[in-house]
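Chain and residue survey
Spelled out from the first residue to the last, the chains are:
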Amino acid sequence: MYSEKVMENFKHPKNQGEIKDADGIGEVGNPVCGDIMKITIKVKDDKIEDIKFKTFGCAAAIATSSMITELAKGKTLEEAKNITRKDVSDSLDGLPPIKEHCSNLASEGLNKAIDDYKMKKKE
Amino acid sequence: MYSEKVMENFKHPKNQGEIKDADGIGEVGNPVCGDIMKITIKVKDDKIEDIKFKTFGCAAAIATSSMITELAKGKTLEEAKNITRKDVSDSLDGLPPIKEHCSNLASEGLNKAIDDYKMKKKE
Amino acid sequence: MTDKKTIYLDNSATTQVHPEIKDTILPYLEDLYGNPSSIHAKGQEVKKTIDNARKQVADLIGAKETEIIFTGSGTEANNLALKGIASKNKNKGNHIITTRIEHKSILNSARWLETEGFKVTYLNVDENGTVDINQLKEEIRPETILVSVMFANNEMGTIQPIKEIGEFLKGKGIYFHTDAVQAAGKIKINLKELNIDLLTLSGHKIHGPKGIGALYIRKGTEIDPMIHGGGQEKNIRSGTENVPGIVGLGKAAEIANKNLESNIEHLTNLGKKLEKGIFKEIPDLILNGHPDNRIPGNVNISFKYVEGESIMLMLDCEGICVSTGSACTSKSLKPSYVLDAMGKEIVFMHGSIRFSIGTFNTEEEIDTVIKTLPTIIKKLRALSPIYNKD
Amino acid sequence: MTDKKTIYLDNSATTQVHPEIKDTILPYLEDLYGNPSSIHAKGQEVKKTIDNARKQVADLIGAKETEIIFTGSGTEANNLALKGIASKNKNKGNHIITTRIEHKSILNSARWLETEGFKVTYLNVDENGTVDINQLKEEIRPETILVSVMFANNEMGTIQPIKEIGEFLKGKGIYFHTDAVQAAGKIKINLKELNIDLLTLSGHKIHGPKGIGALYIRKGTEIDPMIHGGGQEKNIRSGTENVPGIVGLGKAAEIANKNLESNIEHLTNLGKKLEKGIFKEIPDLILNGHPDNRIPGNVNISFKYVEGESIMLMLDCEGICVSTGSACTSKSLKPSYVLDAMGKEIVFMHGSIRFSIGTFNTEEEIDTVIKTLPTIIKKLRALSPIYNKD
Ligand SMILES: Cc1ncc(COP(=O)(O)O)c(C=O)c1O
Ligand SMILES: Cc1ncc(COP(=O)(O)O)c(C=O)c1O
């Protein structure tokens, strides 16, 4: 059902955990659809210096979380915002159609974390 | 589907043929239901001295024809008339339900032959 | 148990499972027992094989693998075609056209649809068993939603003008179904060249296992499911997949496809040999069905003045298996409704015997039948009150 | 291909075919290929075996052999029960009662009947998954023609009060159907002591083959066929008989019957061991279903704060096959509708895992699972944003 890449990222996720004094926090999803994702980022010079995730969800949710942190790490906020769900899905060699929404969730989470950082900076 | 007795009487029918100068002739059945039976009898001293049959029909029709000639041979007309379809069927260790009508036909044929003999005698 | 010497000439009723197919099925009765709906490894390894079988079946008829739905029999596939199309398209019309010589699974589905308010036209056939395409053209109405005409008949093998019907129906917005249960593996079927929306197959008629059928449903066809449940087979036929049956049918289709030409030649040769042999040895016969345009290996003969079941059982005693009418109606008292539709005299309808040859029959077997039959017919004719020739 | 070390704990989804059954089936893929409708020897030798299989199935549930109809799956049998009864008895009434936790083949048949004008009441269950018999009593109306309540649930194994329902319905002129697909072979079922009119079985759930089911139909029950055709199975289910499947189901029933007590003991022991082991090793669990009144060998646990598919796939990587919810819904995104009906908190519904033990599982396998699981749960909880315990 899943590609090898998905399984690899599911079994050995990168950047898992939570940054304690995060600059931005993004929480998305809800228990009804079975996926909850929390992304924390550390920003330096407009770049994502560190990023971690926690995910309650299926293998696709975990793998896409892991993948998006990989993709985002070291990128500028601008670049990170431009990561599409297709980028995530492609980097995982595709997702089963029924699981496509998971890649959505991942990029949504990242966006939220970046927005959160920007909001906080403004204050 | 058929009992061994039926198959035995089908494969090696007794009294087949036609008595040329028969005292009584009974023809029953029709092509629509797929069975036609002709019974010819020779009568002496109110007894069935000889009896033969010809049958166009299924294995059950042939076996019941053969069996009824066996049962009737040597009997008085009175006795022969009392041979029931159950007698025929029982002597063959039973018939499949769908083929029960064949035993009907056999006793009908015998009866007709006896009636024919009586009619002719009256004339 | 029958002994080794059985001569099986009833391949239109069912066929011997090809030994290669048995070997294909076996692992699915052993270690490969997973449920294809399961996401774990045990399920997924099986899922792949099902998709492969779908491809094998599709290839036999020139279809796409996504257009094949597996069912529990040819009968179920025929029911699904008629009822599924009727149910889904009843808002468009309530008229269905089929023929008087379809298999009972079509005829009785059609009759049931009549009780549900549908109107059904049953087309006539000529004395060769060929459907009247002009009548078809006349019977088309604005309310017609479906035409179902079998590819080849199971009793006397006549091949129907499927290509012509498909061409005539093209663009009319009427679905065209054909029951190809008897045609598959014996006639080249290429859906790329035929305008067909639905097509029925059955495993056990092509040397595959019993209890598995398939319905080709052309992409875009509007059809309702008949069996509801867990959503298997694209929600058109729910129920845990008959994995051994499916892989068996797949393999059977593959073999049938691979050997199609040689099989046709084999069946044609043996069929011709049998027909000629019988006609040479025995007088007073009628060949039922079309003299040429018939499935290879089907020889249907009426033996005048004698009854079919008697012939069949006499042959059975000699270890030769044949059939009177179609297998399904063998049990019934009525003469063949197919011969009836062809306008045969009733007394000859009772005497019809279908010899149907399969891949595994040999020339020697045919010789034996030709040698055995005359004695049996002579014996039965001697018993017959309507035979007056000696 | 999975390797030899697979630990298969998904026996409610499907089971390994018993080796004896494979041997029983084999001849029917070889020399015994006749069509049971054929009158000749090749057909009749097969017909006998089918009748024998019918007897074997009847014996498992205390029925008469003439009361068993073979179908293409448990799903088809459930469809036939609901639709066949509804169709035949619609003049008597249009109301049907079933439960919210039935298998999809019942639920989706019921929903289809609603589109055909029938009214359906879906009974609630309590937090253990037991149907509310008082609600059943209240919902009975003069128009009620059928009650269908499953014998035991496929997700969390709760056994329903079938005997009480049967007694309550006695003499009311309402048919009572039960889906015993999950109960058969794991609970003693004796129809002589139960007032049941129709009962569903499926081959592949009792170590028999896939693609074969059976419906017990009590003598005198008024039911319409769903699949029309040649009149096989007493005209209630047409189609050439799935002979390998039928003899396989017959043998499976025979073995299940013979080993019933020892099998129950085996499943109970392993189930208890697994349950205790997991609860000892892992905190924050919920046992779903009834604590005692459940089919032996079914252990359904919600692992709080983590999601079921992840657990399932992690176990799969270790060669352990289990299921989230029922096999059929494994693919869907929605959490289990059965747990939903039981009123479970939604976040815990996503974390439910069904371990279902079968005849061929061993104590060592259970030990391995108990050893493997804690690491997986720990790992997933560490990943979970809703877990805050370390
Ligand atoms: C033309 C035709 N259609 C349909 C069927 C039914 O297929 P099955 O035997 O798989 O139910 C048969 C065989 O009996 C047949 O000959
Ligand atoms: C309770 C129940 N009923 C019916 C079925 C359907 O049976 P089958 O898999 O044979 O279609 C299943 C299995 O999926 C089941 O668990």
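The notes below deal with the structure included here. (Residues numbered from 1 in each chain as written. Chains lettered and ligands numbered in written order. Predicted model: local features only at pLDDT ≥ 70, side-chain atom pairs only at ≥ 80, totals over all residues. Heavy atoms only, no water.)

Our focus in this paragraph is the relation of the copies chain D and chain C. Expressed as a screw operation, the relation of chain D to chain C combines 0.0 Å of axial shift with a rotation of 180°, fitting to an RMSD of 0.0 Å. Taken together, the turn and the small shift mark the pair as related by a two-fold rotation axis. No C-alpha of chain D approaches the rotation axis more nearly than that of glycine 72 of chain D, which lies at 2.7 Å. (Least-squares fit on C-alpha atoms with pLDDT ≥ 70 in both.)

Looking now at the pattern of salt bridges. Taken as a whole, this structure holds 52 salt bridges over all chains when the rule is applied. Between arginine 54 of chain D and aspartate 51 of chain D there is a salt bridge, with the nearest N and O atoms lying 3.8 Å from each other. Of the two residues, arginine 54 of chain D and aspartate 51 of chain D both sit in helix H2 (residues 41–61), three residues apart, roughly one turn of that helix. Since its relative accessible area comes to 12%, arginine 54 of chain D is described here as buried. Within the structure, one salt-bridge network assembled from shared partners comprises Lys47, Asp51, Arg54 and Glu233 of chain C. (Salt bridge = Lys/Arg side-chain N within 4 Å of Asp/Glu carboxyl O. Helix = DSSP H or I, 4+ residues; strand = E, 2+ residues; numbered from the N terminus. Buried < 20%, exposed > 50% of the residue type's maximum accessible area, 1.4 Å probe, protein only.)

Moving on to the site of ligand 2. Surrounding ligand 2, one finds 16 residues, the nearest of these being Thr240 of chain C together with Thr75, Asp179, Ser202 and Lys205 of chain D. Take histidine 103 of chain D: an N or O atom from its side chain is 3.1 Å from an oxygen atom of ligand 2. Taking 390 Å² as the accessible area of ligand 2 by itself, protein coverage stands at 98%. At three residues, helix H3 (residues 74–88) of chain D tops the list of elements feeding residues into the shell around ligand 2. Looking at the shell around ligand 2 residue by residue, the class counts come to two nonpolar, twelve polar and two charged. (Near = heavy atom within 4 Å. Polar contact = N/O pair within 3.5 Å; in protein donor to acceptor, adjacent residues only side chain to side chain. Areas by Shrake-Rupley, 256 points an atom, 1.4 Å probe, with all protein chains shown as cover. Nonpolar A, V, L, I, M, F, W, Y, C, P; charged D, E, K, R; others polar.)

Within a regular strand, side chains alternate between the sheet's two faces. Residues and elements named next belong to chain D. By the criterion of burial, strand E7 (residues 198–202) is predominantly enclosed, with five of the five residues buried. Sheet topology note: the strand E6 (residues 175–179)/E7 ladder contains three bridges and is parallel. Residue pairing for E7: threonine 178 is matched across the bridge by leucine 199. In this structure, E7 lies alongside strand E8 (residues 213–217), joined through five bridges in antiparallel fashion. Along E8, the bridge assignment pairs leucine 198 with isoleucine 217. (Pairing = 2+ DSSP bridges.)

Attention shifts here to the sheet that holds strand E9 (residues 285–288) of chain D. Two pairing modes exist for strands in a sheet, parallel and antiparallel, and in both the strands are linked by backbone hydrogen bonds. Residues and elements named next belong to chain D. Taken in spatial order, the three strands of this open sheet run E9-E10-E12, and their pairing is antiparallel. Among the strands making up the open sheet, the edge pair consists of E9 and strand E12 (352–356). When the angles between neighbouring strand axes are averaged without regard to direction, this sheet yields 25°. By the bridge criterion, four bridges tie E9 to strand E10 (residues 298–303) in an arrangement that is antiparallel. Note on E10: the bridge partner recorded for leucine 285 is phenylalanine 303. Where helix H8 (residues 260–281) meets the sheet, it contacts E9, E10 and E12, and its direction lies at approximately 15° from that of E10. Against the sheet, helix H12 (residues 363–383) engages E9, E10 and E12, with an angle of about 25° to E10. (Axes fitted to C-alpha atoms, helices over the stretch in contact; angles between N-to-C directions. Contact = heavy atoms within 4.5 Å.)

Residue and element names in this part refer to chain D. Helix length check: H12, at 21 residues, gives a terminal C-alpha distance of 31 Å against a target of 30 Å (1.5 Å per residue), a fit within 8%. Along H12, the helix axis deviates most sharply at leucine 373, where the bend reaches about 25°; the proline proline 374 sits within four residues downstream. Those residues of H12 that fall on the buried side of the exposure criterion are Glu365, Ile366, Val369, Ile370, Thr372, Leu373, Pro374, Ile376, Ile377, Leu380, Arg381 and Leu383. (Expected span 1.5 Å × (residues − 1). Bend = angle between axes of the 7 residues up to and from the residue.)

Turning to the interface of chain B and chain C, a few remarks are in order. Many structure descriptions define interface size as the accessible area lost when the parts assemble. Each partner contributes residues to the interface: chain B has 25 residues there, and chain C has 23 residues. When the buried surface of chain B facing chain C is broken down by residue, Phe10, Lys54 and Phe56 of chain B rank first, second and third, together holding 31% of it. Where chain B meets chain C, there are one salt bridge. Among the ionic pairs, glutamate 309 of chain C bridges to lysine 99 of chain B, the shortest N-O distance being 2.6 Å. Our count for the contact surface shared by chain B and chain C stands at seven residue pairs in polar contact (both at pLDDT 80 or more). (Buried area = accessible area lost by both parts, 1.4 Å probe.)

The subject of this paragraph is the interface of chain D and chain C. Each partner contributes to the interface: chain D provides 65 residues, whereas chain C provides 66 residues. Roughly 5600 Å² of surface becomes buried between chain D and chain C when both sides are summed, with 61% attributable to carbon and sulfur atoms. Our count for the chain D to chain C interface comes out at two salt bridges. A salt bridge links lysine 22 of chain D to glutamate 30 of chain C; the shortest N-O distance between them is 2.9 Å. Between chain D and chain C we count 20 residue pairs in polar contact (both at pLDDT 80 or more) in total. The set of elements that each furnish at least two residues to the side of chain D that touches chain C consists of helix H1 (19–25), H2, H3, helix H4 (104–115), helix H7 (243–258) and helix H9 (308–317) of chain D. Of the residues contributing to the side of chain D that touches chain C, the split by class is 23 nonpolar, 28 polar and 14 charged.

If you trace the backbone, glutamate 241 of chain D turns up in the loop between E8 and H7. Setting aside residues no more than four positions away along its own chain, glutamate 241 of chain D makes contact with Lys210 of chain C together with Asn35, Pro36, Ser37, Ile50, Gln232, Glu233 and Ile246 of chain D.

Let us look at the site of ligand 1. Contacts to ligand 1 come from 16 residues, most closely from Thr75, Asp179, Ser202 and Lys205 of chain C together with Thr240 of chain D. Flanking ligand 1 are residues from chains C and D. The contact in question runs from an oxygen atom of ligand 1 to an N or O atom on the backbone of glycine 74 of chain C, over 2.8 Å. In the complex, 98% of the free accessible area of ligand 1, which totals 390 Å², lies under the protein chains. Taken together, the residues of the shell around ligand 1 sort by class into two nonpolar, twelve polar and two charged.

As a further point, take the sheet that holds strand E2 (residues 35–44) of chain B. Residues and elements named next belong to chain B. With antiparallel pairing, three strands are arranged side by side in an open sheet as E1-E2-E3. In this open sheet, the two strands that pair with only one neighbour each are strand E1 (24–30) and strand E3 (47–56). Recorded for the sheet is a direction-independent mean angle of 15° between the axes of neighbouring strands. Here nine bridges tie E2 to E3, and the two strands are oriented antiparallel to one another. What sits directly across from methionine 37, in E3, is threonine 55. Packing of helix H2 (residues 59–72) onto the sheet brings it into contact with E2 and E3, and relative to E3 it is tilted by some 175°. Across the sheet, helix H5 (residues 100–122) is in contact with E1, E2 and E3; its angle to E1 comes to roughly 145°.

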